[in-house]
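Listed below are the residues making up each chain.
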Amino acid sequence: MIKDSAPDTMAAKYGWHSYQMMPIESGLINHTYKVVTPSGKFILQQVNTNVFKQPLVIDANMRLLKHQLKTSHPDYLFVAPIAGMDANTLYEVNSQYFRAFEFIEGSHTMSTVNTPEQAFEAAKAFATFTAVCNGMDATALQETLPNFHNLPLRYQQFEAALHSANEERLTTCKTLIEDLQSQEAIVTIYETFIAHPDALKRVTHHDTKISNVLFNDAHKALCVIDLDTVMPGYFISDIGDMMRTYVCPVSEEESDLSKIIVRKDYLQAIQEGYYSHMEQHLTDFEKAHFFFAGEVLIYMQALRFCTDYLQNDVYYPIKYPHHNLVRATNQMQLLLALQQTLANSNY
Ligand code: GN1
Ligand code: MG
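Residues numbered from 1 in each chain as written. Chains lettered and ligands numbered in written order. Predicted model: local features only at pLDDT ≥ 70, side-chain atom pairs only at ≥ 80, totals over all residues. Heavy atoms only, no water.

Novice: When you look at the packing of helix H7 (residues 185-195) against helix H11 (residues 292-310) in this model, what are you seeing that I'm missing?
Specialist: A pair of packed helices can be characterised by two numbers: the angle between their axes and the separation between those axes. Relative orientation of the contacting elements H7 and H11 amounts to 125 degrees, with a least axis distance of 10 Å. With respect to each other, H7 and H11 are oriented oblique. The crossing of H7 and H11 is left-handed. Across from Ile 186, Val 187, Ile 189 and Tyr 190 in H7, the residues of H11 making contact are Phe 292, Glu 295, Val 296 and Tyr 299. Residue classes in the contact of H7 with H11 are distributed as 7 nonpolar, no polar and 1 charged. (Axes fitted to C-alpha atoms, helices over the stretch in contact; angles between N-to-C directions. Helix = DSSP H or I, 4+ residues; strand = E, 2+ residues; numbered from the N terminus. Parallel < 35°, antiparallel > 145°, perpendicular 65-115°, else oblique. Left-handed = near helix turned anticlockwise from the far one by under 90°. Contact = heavy atoms within 4.5 Å. Nonpolar A, V, L, I, M, F, W, Y, C, P; charged D, E, K, R; others polar.)

This is the structure in structure tokens:
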């Protein structure tokens, strides 16, 4: 939680003479507040340094992107941290790190995808972001979370957790463990994919859930936000996480497995939205792996939730005892539903 003197210190840094601050509840990682001041509305965010151990790396990436886009795409709405009175864009207060953003008037976020049009708009927004960054060398960005979407490593961490977990946890997720192990081929296919010269590294968002898209009042996507995980990556990360979070009518929190289905029209909308700005940039080899992306990200999330459950919930905050097991089982069911859908269609 934010420490008491931090809001006043930050207000002084940004020259906010008076302010009102309200928490925004969204995301599992950072603490976010809306700030209303006489000089405008802002978003203040505390970086979770348990997850992002090098907040300065995020700040350096944002500055680099801002600098590049200002010249190459001056009209692109890039929501970078704003500069304080002393021109800094990241502040340390009581060992906590903060930055502020302009609040984009007339914008709102959504927590669930309710129509294929929303899926299309979001996919278009993430594609636009990668497309406007296409001219730059993605590897000039630093990795803010090293190995974040490294599927082989996530599998190894799962296997290590199987060895260190206590009996009670191993017993409660026995079936899930077997199901996860039976899908290991996904890791091999992914390794073959990334080893291929036509699998390109691009500027990738890595957290493409719908709440990271700003929409306007006409329900059109304005831009993407929450750029902490922007780093070099494969298109699989962005497409896969959209499939993971848009195609099912219920979220990863749902415990009733009968509600976990794949909506084909949403799958289609993601492809159409993404292709609207990225079709010309993707290689044929990448396009051939378009729907495989969903399998990779859903599988990886199932592994991550299960690993955390086996490690006694050290990473994802839980609200009840078997929460991470419920999430992992949910994602495993979603993986099966996606595979079924793909097998029954000519994708
Ligand atoms: C975390 O905090 P949030 O919801 O943006 C996680 C994602 C997971 C997601 C699952 C840095 O994201 O990778 O997909 O939870 N982010 C990090 O809900 O670990
Ligand atoms: Mg986030």
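Novice: It is not clear to me how the side chain of Arg 154 should be interpreted in this structure. Could you clarify?
Specialist: Mapped onto the elements of the fold, Arg 154 is located in helix H4 (residues 151-164). Within the buried set, Arg 154 has no salt-bridge partner at all; the shortest N-O distance to an opposite charge, 9.2 Å, is to Asp 308. Not counting residues up to four positions away in its chain, the partners in contact with Arg 154 are Asn 147, Phe 148, Met 300, Leu 303 and Arg 304. (Buried < 20%, exposed > 50% of the residue type's maximum accessible area, 1.4 Å probe, protein only. Lys, Arg positive; Asp, Glu negative; His and termini not counted. Salt bridge = Lys/Arg side-chain N within 4 Å of Asp/Glu carboxyl O.)

Novice: Sorry, what's going on with the coordination of the magnesium ion (ligand 2) here?
Specialist: When four donors bind a metal tetrahedrally, each ideal donor-metal-donor angle is 109.5 degrees, and when six bind octahedrally, the ideal angles are 90 or 180 degrees. At this site the magnesium ion (ligand 2) is bound by Asp 207 (OD) and Asp 226 (OD), with donor distances of 2.2 to 2.5 Å. In this pair, Asp 207 is assigned in the loop between strand S6 (202-204) and strand S7 (213-215) and Asp 226 in the loop between strand S8 (221-224) and strand S9 (231-233), connecting sequence segments 19 residues apart. Residue classification places Asp 226 among the partly exposed residues on the basis of a relative accessible area of 27%. (Donors = N, O, S within 2.8 Å, 3.2 Å for Na, K, Ca; no water.)

Novice: I would appreciate a short explanation of the domain arrangement of the protein chain in the present structure.
Specialist: When the parts of a complex come together, some accessible area is lost, and that lost area is often used as the size of the interface. Looking at the protein chain, the domain boundaries give domain 1 (6-103) and domain 2 (116-343). One C-alpha centre belongs to domain 1, the other to domain 2, and the line joining them spans 26 Å. Listed by partner, the interface residues are 22 residues for domain 1 and 26 residues for domain 2. Both sides of the domain 1 and domain 2 interface together cover about 2,100 Å² of buried area, and 70% of this is carbon and sulfur. Put simply, domain 1 and domain 2 have 1 salt bridge between them. Among the salt bridges present, the one from Asp 228 reaches Arg 99, with a minimum N-O distance of 2.9 Å. For the interface between domain 1 and domain 2, the tally reads 3 residue pairs in polar contact (both at pLDDT 80 or more). Counting residues per element, the side of domain 1 that touches domain 2 draws most heavily on helix H2 (residues 55-72), which supplies 10 residues. Residue composition of the side of domain 1 that touches domain 2, grouped by class: 15 nonpolar, 6 polar and 1 charged. (Domains from an automatic or database assignment. Buried area = accessible area lost by both parts, 1.4 Å probe. Polar contact = N/O pair within 3.5 Å; in protein donor to acceptor, adjacent residues only side chain to side chain.)

Novice: In this structure, what is going on with the pairing of strand S5 (residues 96-102)? I would like to understand it.
Specialist: On any regular strand, side chains alternate: one points to one face of the sheet, the next to the other face. Most of S5 is tucked away: 6 of the 7 residues are buried. As paired strands, strand S3 (residues 40-47) and S5 are joined by 6 bridges and run antiparallel to one another. When the sheet's bridge partners are listed, Phe 42 is paired in S5 with Glu 102. Remark: 2 residues form the turn of the hairpin made by strand S4 (residues 91-93) and S5, two consecutive strands paired antiparallel; Asn 94 in that turn has positive phi of roughly 50 degrees. (Pairing = 2+ DSSP bridges.)

Novice: So what exactly am I meant to see when it comes to the pattern of salt bridges here?
Specialist: Any two side chains of opposite charge can pair if their charged atoms end up close together. One pass over the full model with this rule turns up 11 salt bridges. Between Arg 63 and Asp 59 there is a salt bridge, with the nearest N and O atoms lying 3.4 Å from each other. A residue pair is termed a helical-turn pair when its members lie 3 or 4 positions apart in one helix, as Arg 63 and Asp 59 do in helix H2 at 4 residues. What makes Arg 63 partly exposed here is its relative accessible area of 40%. Judged by relative accessible area, which is 12%, Asp 59 ranks as buried. A single salt-bridge network, built from bridges that share partners, covers Asp 241, Arg 244 and Glu 252.

Novice: Help me understand helix H3 (residues 116-132) in this model?
Specialist: One full turn of an α-helix is made of 3.6 residues, so residues set three or four places apart face in the same direction. Taking 1.5 Å of rise per residue, the 17 residues of H3 would be expected to cover 24 Å, and the 24 Å separating its terminal C-alpha atoms lies within 8% of that figure. Counting buried positions over the 17 residues of H3 gives 13, a clear majority of the element. (Expected span 1.5 Å × (residues − 1).)

Novice: Is there a simple way to think about the environment of Asn 61 in this case?
Specialist: Secondary-structure assignment places Asn 61 in helix H2. Look at Asn 61 and you get buried, because its relative accessible area is 2%. It is 31 Å that separates the C-alpha atoms of Asn 61 and Ala 288, two residues lying 227 residues apart in sequence. If sequence neighbours within four positions are ignored, Asn 61 has contacts with Leu 141, Gln 142, Thr 144 and Val 230.

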